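Spelled out from the first residue to the last, the chains are:
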Amino acid sequence: MRSLPLLLAFLLFSLVCLMYQASDACSCAMSHPQDAYCHSDIVIRAKIVGKKLLDDGPFGTLRYTVKQMKMYKGFEKIQHVQYIYTHDSESMCGVKLDINKYQYLITGRVHDGKLYTGLCNFIERWERLTLAQKKGINHRYQLGCNCRIKPCHSLPCFVTSKNECLWTDMLSHFGFPGYQSRHYACIQQKEGYCSWYRGMSARDKLSVNTTDP
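The structure contained in this document is the topic of the report that follows. (Residues numbered from 1 in each chain as written. Predicted model: local features only at pLDDT ≥ 70, side-chain atom pairs only at ≥ 80, totals over all residues. Heavy atoms only, no water.)

Focus on the overall build of the chain
Along its length, the chain carries four helices and eleven strands. Scored against the burial criterion, the 213 residues of the chain give a buried share of 38%. A total of about 13,100 Å² of accessible surface is found on the chain, and carbon and sulfur atoms cover 55% of it. (Helix = DSSP H or I, 4+ residues; strand = E, 2+ residues; numbered from the N terminus. Buried < 20%, exposed > 50% of the residue type's maximum accessible area, 1.4 Å probe, protein only. Areas by Shrake-Rupley, 256 points an atom, 1.4 Å probe, with all protein chains shown as cover.)

See below:
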């Protein structure tokens, strides 16, 4: 019988630990790549060539050494990125990147002259990006930074101003990222309104349709 209180105490302790871990986990809102681009200080394509754990603070900071291939945004803040910083713990939204394997598209914010990134930033292996995303990073996303991509989580949902594009990827049963994230940019037109923009083949030229997709 004595073992029953101990068992209950152990189960209660385990439950508290699980609740603490759940509350301490990293939580990020879904973001269209264009929003990630527009809200970032720095956007680069780089290869990770080294890493070092820095002991500053209770959780530690991981410093990656990068070989920058190209900078798409942020020339006025950092001319050339040599290091990027992230939390060592994934529960604190720290990101784990492979060394000497892949080229990554990396977005982040600058603080005290250092580039910080994490799980809530847009980070992806370069070869996994679609052609439309690569064109977006190169120039198209910049054209839509005055637009607002409005998430639609459940129907009905509507745009409420001319600078909005309705983002419906969350309604798809195919999961995230969806078709709009992978193939569309929300661009401001000459008339002042914003609409989804998709690059097509040369013979089809380029099409803009306010209701597509």
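From this point on, the discussion continues.
Quick look at the pairing of strand β2 (residues 61-73)
Consecutive residues of a regular strand have side chains that alternate between opposite faces of the sheet. Two elements, strand β1 (residues 42-54) and β2, share eleven bridges in a ladder whose sense is antiparallel. Directly across from K52, in β2, lies its bridge partner R63. (Pairing = 2+ DSSP bridges.)

Some remarks on the state of the cysteines
Considering all chains together, one arrives at six disulfides under this definition. Across the disulfide, C147 is cross-linked to C194 (sulfur-sulfur distance 2.0 Å). Handedness here is read from the sign of the S-S torsion; for C147 and C194, about -85°, the answer is left-handed. You can see C147 sitting in the loop between α3 (131-143) and β7 (148-151) and its partner C194 sitting in strand β10 (residues 194-199), a full 47 residues away along the chain. For C147, a relative accessible area of 10% translates into the label buried. Classification of C194 as buried rests on a relative accessible area of 7%. Note that C165 is cross-linked by a disulfide to C186, the S-S spacing being 2.1 Å. Disulfide C165 to C186: torsion about the S-S bond roughly 80°, handedness right-handed. (Disulfide = S-S within 2.5 Å.)

Topic: the pattern of salt bridges
Across all of its chains, the model carries five salt bridges by this definition. With a closest N to O distance of 3.0 Å, D41 and R109 form a salt bridge. One end of the pair, D41, is in the loop between α2 (33-38) and β1; the other, R109, is in strand β4 (residues 103-111), and 68 residues separate them in sequence. Residue class for D41 comes out buried when judged on its relative accessible area of 12%. The partner of D88 in a salt bridge is K96, with the nearest N and O atoms 3.4 Å apart. (Salt bridge = Lys/Arg side-chain N within 4 Å of Asp/Glu carboxyl O.)

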